[in-house]
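Each chain is listed here by its residues.
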Amino acid sequence: QVQLVESGGGLVQAGGSLRLSCAASGSIFSISAMGWYRQAPGNQRELVADIVSDDRTRYADSGKGRFTISRDNAKNTVYLQMSSLKPEDTAVYYCNAAVRSTKWGPVVSYWGQGTQVTVPS
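Everything numeric in this text was worked out from a predicted model, so none of it was measured.

Q: Would you mind going over the overall build of the protein in detail, with residue names and values included?
A: Summing up its helical and strand segments, the protein has 0 helices and 11 strands in all. The order of α-helices and β-strands along the protein, N terminus first, is β-β-β-β-β-β-β-β-β-β-β. In terms of C-alpha radius of gyration, the protein reaches 14 Å, essentially the compact-globule figure of 14 Å for 121 residues. The principal-axis extents of the C-alpha atoms in the protein amount to approximately 50 × 25 × 25 Å. For the protein, with 121 residues in total, the buried portion stands at 41%. Within the protein, residue pairs in contact and separated by at least 24 positions form 56% of the contacts whose partners lie at least 6 positions apart. A total accessible area of about 6,400 Å² is found for the protein, and carbon and sulfur atoms account for 49% of it.

Q: Outline the side chain of Glu-6, supporting the account with residue identities and numerical values.
A: As for its position among the elements, Glu-6 is in strand β1 (residues 2–7). Here Cys-95 takes part through its backbone nitrogen, which lies 2.6 Å from a polar atom of the side chain of Glu-6. For Glu-6, the side chain forms a polar contact with the main-chain nitrogen of Gln-113, separated by 3.1 Å. Residue contacts for Glu-6: discarding those within four places in its chain leaves Ser-21, Cys-22, Trp-36, Tyr-93, Tyr-94, Cys-95, Gly-112, Gln-113, Gly-114 and Thr-115.

Q: Give me the lowdown on the environment of Ala-97, citing residues and values where you can.
A: Its place among the elements puts Ala-97 in strand β9 (residues 91–100). A relative accessible area of 0% places Ala-97 in the buried class. Taking C-alpha positions, Ala-97 is 20 Å from Ala-40, a pair spaced 57 residues apart along the chain.

Q: A description of the packing of aromatic side chains should follow, citing residues and the corresponding values.
A: Applying the stated criterion across every chain yields a total of 1 aromatic pair. Here Tyr-37 and Trp-111 contribute two aromatic rings whose centre-to-centre distance is 5.0 Å and whose plane-to-plane angle is 65 degrees, an arrangement assigned as edge-to-face. With a gap of 74 residues between them, Tyr-37 in strand β4 (residues 30–39) and Trp-111 in strand β10 (residues 107–111) connect regions that are remote in the sequence. Taking the relative accessible area as the measure of exposure, Trp-111 reaches 38% and is therefore partly exposed. In this arrangement the basic side chain of Arg-45 is found over the ring face of Tyr-94, its NZ or CZ atom lying 3.7 Å from the centre. The ring centre of Trp-111 lies 4.6 Å from the NZ or CZ of Arg-45, which sits over that ring.

Q: Describe the pattern of salt bridges, and please don't skip the residues or the numbers.
A: Under the defined criterion, the tally for this structure stands at 6 salt bridges. Salt-bridge contacts for Asp-54 lead to Arg-56; the nearest nitrogen and oxygen are separated by 2.9 Å. Linking Lys-64 and Asp-61 is a salt bridge whose minimum nitrogen-to-oxygen distance equals 3.1 Å. Accessibility assignment for this pair places Lys-64 and Asp-61 in one class, exposed.

Q: Account for the nonpolar core, with residues named and values stated.
A: Ranked by internal contacts, the top residues of the largest apolar core, which has 28 residues, are Leu-4, Trp-36, Val-78, Leu-80, Met-82 and Tyr-93. Elements with a minimum of two residues in this core: β1, β3 (18–26), β4, β5 (46–52), β7 (67–72), β8 (77–82) and β9. Considering every element that reaches this core, the biggest residue donor is β9, with 5 residues. When sequence neighbours within four positions are dropped, the list of residues in contact with Met-82 reads Gly-16, Ser-17, Leu-18, Leu-20, Arg-66, Phe-67, Tyr-93 and Val-117.

Cut-offs and rules
Residues numbered from 1 in each chain as written. Predicted model: local features only at pLDDT ≥ 70, side-chain atom pairs only at ≥ 80, totals over all residues. Heavy atoms only, no water. Helix = DSSP H or I, 4+ residues; strand = E, 2+ residues; numbered from the N terminus. Rg over C-alpha atoms; globule rule 2.2 N^0.38 Å. Buried < 20%, exposed > 50% of the residue type's maximum accessible area, 1.4 Å probe, protein only. Contact = heavy atoms within 4.5 Å. Areas by Shrake-Rupley, 256 points an atom, 1.4 Å probe, with all protein chains shown as cover. Polar contact = N/O pair within 3.5 Å; in protein donor to acceptor, adjacent residues only side chain to side chain. Phe/Tyr/Trp six-rings, centres within 6.5 Å; stacked < 30°, edge-to-face > 60°. Lys NZ or Arg CZ within 6 Å of the ring centre and 35° of its normal. Salt bridge = Lys/Arg side-chain N within 4 Å of Asp/Glu carboxyl O. Core = buried A, V, L, I, M, F, W, Y, C linked by side-chain atoms within 4.5 Å.

Spelled out as structure tokens, the structure:
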């Protein structure tokens, strides 16, 4: 089993910054991709950004130029640096990891419990 533990959410004023962290632990042989998703009340969960094993990144248009995703492979940790935050960034942010627990096993998608980010208007 694999656990993802997120941290770094909170309340921040518009224009401010936050850094989210997500550490994966447990039965991990390799992680092919890690990413951040968010879900605001009444909305579907949506991709914020993800990063694959060769450090290629992908961003939703809403975060381009404001958010930066990075990962520390030695620590199985992914980060999301968010700046110039806006009220519309308010959501629960979820970490996701695509994990292979054994060399020849399947890739399984795991989710963290979510961390709240609130940007008051």
